[in-house]
Structures are given as structure tokens and as C-alpha cells.
Amino acid sequence: MSKILEADINMLAKPFLKWAGGKGQLIDQIKERYPVELGGTITKYVEPFVGSGAVLFDILNSHDLTDVFIGDANIELINVYRAIKYYVEELIGELSCFENEYQEG
Ligand SMILES: C[S@@+](CC[C@H](N)C(=O)[O-])C[C@H]1O[C@@H](n2cnc3c(N)ncnc32)[C@H](O)[C@@H]1O
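Residues numbered from 1 in each chain as written. Predicted model: local features only at pLDDT ≥ 70, side-chain atom pairs only at ≥ 80, totals over all residues. Heavy atoms only, no water.

If you check an unreviewed UniProt entry, the protein appears there as Modification methylase DpnIIA from Urinicoccus massiliensis.

Chemist: Where do I start with the packing of aromatic side chains in this structure?
Modeler: The description of an aromatic ring pair rests on the distance of the ring centres and on the angle between the ring planes. Within this structure, the stated rule accounts for 3 aromatic pairs. Between Phe16 and Phe57, the aromatic rings sit 6.3 Å apart at their centres with planes inclined by 70°, giving edge-to-face as the arrangement. Placement of the pair is Phe16 in the loop between helix H1 (3–7) and helix H2 (27–31) and Phe57 in helix H3 (residues 54–62), with a sequence separation of 41 residues. On the accessibility criterion, Phe57 (10% relative accessible area) is buried. Of the aromatic side chains, those joined through ring pairs into one cluster are Phe16, Phe57 and Tyr81. (Phe/Tyr/Trp six-rings, centres within 6.5 Å; stacked < 30°, edge-to-face > 60°. Helix = DSSP H or I, 4+ residues; strand = E, 2+ residues; numbered from the N terminus. Buried < 20%, exposed > 50% of the residue type's maximum accessible area, 1.4 Å probe, protein only.)

Chemist: How should I be thinking about the pattern of salt bridges in this particular structure?
Modeler: Where charged atoms from two side chains of opposite charge approach closely, those side chains can pair. All chains considered together, the criterion is met by 2 salt bridges. Lys31 is the partner of Asp58 in a salt bridge, and the nearest nitrogen-oxygen pair spans 3.3 Å. Of this pair, Asp58 sits in helix H3 while Lys31 sits in helix H2; the two residues are 27 residues apart in sequence, bridging distant segments of the chain. The partner of Arg33 in a salt bridge is Glu32, with the nearest N and O atoms 3.9 Å apart. Just as Arg33 is exposed, Glu32 falls in that class too. (Salt bridge = Lys/Arg side-chain N within 4 Å of Asp/Glu carboxyl O.)

Chemist: Where do I start with the nonpolar core in this structure?
Modeler: As a rule of thumb, soluble globular proteins bury nonpolar side chains together. Counting residues in hydrophobic clusters, the biggest one holds 13 residues, and the most contacted among them are Tyr34, Tyr45, Val50, Val55, Leu56, Ile59 and Tyr81. Taken together, the elements giving at least two residues each to this core come down to H3 and helix H4 (75–86). What Tyr45 contacts, discounting residues up to four positions off in sequence, is Val55, Leu56, Ile59, Leu65, Asp67, Val68 and Phe69. (Core = buried A, V, L, I, M, F, W, Y, C linked by side-chain atoms within 4.5 Å. Contact = heavy atoms within 4.5 Å.)

Chemist: Whenever I open this one, the site of the ligand confuses me. Can you help?
Modeler: The environment of the ligand is formed by 16 residues, the closest being Trp19, Lys23, Val55, Asp72 and Ala73. Within the contact set of the ligand, an oxygen atom lies 2.8 Å away from a side-chain nitrogen or oxygen of Trp19. Within the backbone of Ala54, an N or O atom sits 3.3 Å from an oxygen atom of the ligand. If the ligand stood free it would expose 600 Å²; the protein chains cover 66% of that surface. By residue class, the composition of the shell around the ligand is 8 nonpolar, 5 polar and 3 charged. (Near = heavy atom within 4 Å. Polar contact = N/O pair within 3.5 Å; in protein donor to acceptor, adjacent residues only side chain to side chain. Areas by Shrake-Rupley, 256 points an atom, 1.4 Å probe, with all protein chains shown as cover. Nonpolar A, V, L, I, M, F, W, Y, C, P; charged D, E, K, R; others polar.)

Chemist: Explanation requested: a nonpolar patch on the surface in the structure shown.
Modeler: A cluster of nonpolar side chains, contributed by Phe16, Leu17, Trp19 and Val80, occupies part of the molecular surface with about 290 Å² of accessible area. Looking at the element boundaries, Val80 is found in helix H4. Since its relative accessible area comes to 32%, Val80 is described here as partly exposed. (Patch = residues over 30% accessible without salt bridge, like charges linked within 9 Å, V, L, I, M, F, W, Y side chains within 5 Å.)

Have a look at this one:
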């Protein structure tokens, strides 16, 4: 595991994008309506319209899942999830370059 991931292993996962229709601001109300079975021991989660993943990340933070499947019609969005999953350190490096360029004006 990378140093970045080791250092942050206890942080809660949360959406990394503002997304049209994202459910971040409604998550407390949505949680109240989760199926009763979610209070138990589900191990698999399928989210076919993941968007920014407000519900996905809430479920990931509160359940010990072994299988998670996400999908979205927006291929650019799915590419971002793939980049985070498979190339997180390279992605952080690229974003740091943008940040430095921005701050240097
Ligand atoms: C409102 S967002 C989802 C919000 C998200 N579930 C959350 O927890 O914040 C809806 C997503 O569905 C995707 N979408 C719309 N039509 C779709 C389709 N036919 N198949 C797959 N994804 C679709 C959109 O690209 C968008 O990212």
C-alpha cells in the first residue's frame, strides 16, 4: 500500500466532485430510508448511477463490503474513478502540478 493511503486509512471517504444531482446534501435524509437489511451485514453493493457517489461513499464508510460494483453512462466520470483506483499517486502528482501552476499565477 502506498504511503499516502497508509497515512489516510482512517479518513472517511466522501465525494471528490460537485455533481449535478449529487445527493451529498440529502445524505442524512436518504440514510433514514435505507432498507432495513443495510443495518445488518451486507457484503455486496451495486450502484449503477454512481455520479459523485454520495450514497456509495456513505455505504462504504459504514459497511464492510467485499464486492462493490459502480457504473455510470458518463465515461469521463468512470475514467476518473479508474484513475483514482489504479493511478492515485500519478493523479496526485498531476494535480499538484496544476495547483503549483495556478498558485504561481
Ligand atoms: C444524480 S446522479 C447520481 C447521484 C448519486 N447516486 C449520488 O449518490 O450522489 C445521476 C447519474 O446517473 C447517470 N446516468 C444517467 N442516465 C444513465 C444511464 N442510462 N445509465 C447509466 N448512468 C446514467 C448520470 O451520468 C449521473 O452521473
